[in-house]
Amino acid sequence: HLGAFNSLGAFQKGYVVAVFLAIWTIAEYIFAVGLENDTARFLGLAFAAVVKAWLIIQYFMHIYRLWREEAH
């Protein structure tokens, strides 16, 4: 449920996302060394890369701000 996540402050969200990225990276490594099928490995790692890139862009680079009006 993202309601609890959305109620966190900016720094807390950053910590949660950073921890998720670390856990996801460990899982990605285990997946990469444990899978024999090259196609499945590539697809899994590509999916993981897209998810991680989206999280970084969304929560650390604040890409959504590009389409908002600036408050003065």
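Residues numbered from 1 in each chain as written. Predicted model: local features only at pLDDT ≥ 70, side-chain atom pairs only at ≥ 80, totals over all residues. Heavy atoms only, no water.

S.K.: Honestly, helix α2 (residues 10-34) in this entry has me stumped. Any pointers?
M.R.: For the α-helix, the turn length of 3.6 residues means that residues three or four positions removed from each other point alike. Here α2 spans 36 Å end to end across 25 residues, near enough to the 36 Å set by a 1.5 Å rise per residue. Those residues of α2 that fall on the buried side of the exposure criterion are G14, V17, L21 and E28. (Helix = DSSP H or I, 4+ residues; strand = E, 2+ residues; numbered from the N terminus. Expected span 1.5 Å × (residues − 1). Buried < 20%, exposed > 50% of the residue type's maximum accessible area, 1.4 Å probe, protein only.)

S.K.: Help me out: how do you make sense of the packing of aromatic side chains in this one?
M.R.: Each aromatic ring pair is specified by the distance between its two centres and by the angle formed by the two planes. Under the definition given, this model contains 3 aromatic pairs. Between W54 and Y59 the ring centres are 6.1 Å apart and the planes differ by 90 degrees, which places this aromatic pair in the edge-to-face class. A relative accessible area of 24% places Y59 in the partly exposed class. Within the aromatic cluster, the residues linked to one another by ring pairs are F20, W24 and F47. (Phe/Tyr/Trp six-rings, centres within 6.5 Å; stacked < 30°, edge-to-face > 60°.)

S.K.: Can you help me understand the confidence of the model for the protein chain in this one?
M.R.: For residues with low pLDDT, the predicted coordinates do not support detailed interpretation. In this model, the protein chain carries a mean pLDDT of 84, and residues with pLDDT of at least 70 account for 93%. Confidence scores differ between elements of the protein chain, with helix α1 (residues 2-6) showing the lowest mean pLDDT of 69 and helix α3 (residues 38-59) the highest of 91. (pLDDT = per-residue confidence, 0-100.)

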